[in-house]
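# Coordinate analysis (summary)
The residues making up each chain are set out below.
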Amino acid sequence: MAPPRRPESEPRSAGRQLLDFLELSGPSGWGGLGIALAILVIGFGPLLLLAVLDVSGTARKALVALGPMGICVGLALLVLWCARRYGEALGWTRRQAWLLAGMFLGMGLLGGLGLWLGEA
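Described below are features of the structure shown in this document. (Residues numbered from 1 in each chain as written. Predicted model: local features only at pLDDT ≥ 70, side-chain atom pairs only at ≥ 80, totals over all residues. Heavy atoms only, no water.)

## Focus: the overall build of the protein chain
Here is the rule: Secondary structure is summarised from DSSP: a helix means a run of H or I of at least four residues, a strand means a run of E of at least two, and numbering begins at the N terminus for each. We compute the radius of gyration over the C-alpha atoms and compare it with the globule rule, which gives 2.2 Å times the number of residues raised to the power 0.38. To sort residues, take the accessible area from a 1.4 Å probe on protein chains only and compare it with the maximum for the residue type: under 20% means buried, over 50% means exposed, and anything in between is partly exposed.
A count of helices and strands for the protein chain gives four helices and zero strands. Going residue by residue from the N terminus, the α and β elements of the protein chain occur as α-α-α-α. On C-alpha atoms alone, the protein chain measures out to a radius of gyration of 22 Å, which is more than a quarter above the 14 Å that the 2.2 N^0.38 rule sets for 120 residues. When the backbone C-alpha atoms are referred to their principal axes, the protein chain occupies close to 85 × 40 × 15 Å. Per-residue burial over the protein chain gives 21% buried out of 120 residues.

## A short note on the packing of aromatic side chains
To keep things clear, this is the line we draw: Put simply, two rings from Phe, Tyr or Trp (the six-membered ring, in Trp's case) pair if the centres are within 6.5 Å, and we call them stacked under 30 degrees between planes, edge-to-face over 60, tilted for the rest.
Counted by the stated rule, this structure contains one aromatic pair. Between W81 and Y86, the ring centres sit 6.4 Å apart and the planes meet at 80 degrees, which makes this aromatic pair edge-to-face.

## Focus: the pattern of salt bridges
Inclusion rule: The salt bridge definition used is simple: a Lys or Arg side-chain nitrogen within 4 Å of an Asp or Glu carboxyl oxygen.
Going through the model one piece at a time under the given rule, you end up with one salt bridge. A salt bridge links E119 to R60, with the nearest nitrogen and oxygen atoms 2.8 Å apart. Separated by 59 residues along the polypeptide, E119 in the segment after helix 4 (94-118) and R60 in helix 3 (residues 58-90) bring together distant segments of the chain.

## Quick look at a nonpolar patch on the surface
Going by this rule: Each patch is built from residues lacking any salt bridge and having more than 30% relative accessible area; the joining distance is 9 Å for like charges and 5 Å for nonpolar side chains (Val, Leu, Ile, Met, Phe, Trp, Tyr). The protein chains shown are the only cover counted for residues, whose accessible areas, like all others here, come from Shrake-Rupley with a 1.4 Å probe.
Taken together, L37, L40, V41, I42, F44 and L47 make up a surface patch of nonpolar side chains, about 560 Å² in accessible area. With respect to the secondary-structure elements, I42 resides in helix 2 (residues 30-52). Classification of I42 by relative accessible area gives exposed; the value is 53%.

Any link to function would need more than the numbers given here.
Written out as structure tokens, the structure reads:
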């Protein structure tokens, strides 16, 4: 007696293959994408508001400083998320990941402070 035949799986579409390649086919991969989109919204939102609104004084200083600072803080979060998920595969130690995230955080805070003080 021949063993029962398994139904052959359907060929995956190009979109499904792309999602699998980017590791977005499951809910665990959506965290990094969410952080990346949040970086775009938080980082470029104040700069977009600055371009659209005609503001001056403290509001202008805040919008100028918040854009790049938000991007750097978001990148620090993204580094920590990637280190937790892919740290072993990348060969990162916890110390390296925290130092890289700290570098982005410091760069964001110092850059934001410099833009705040430098804005006339």
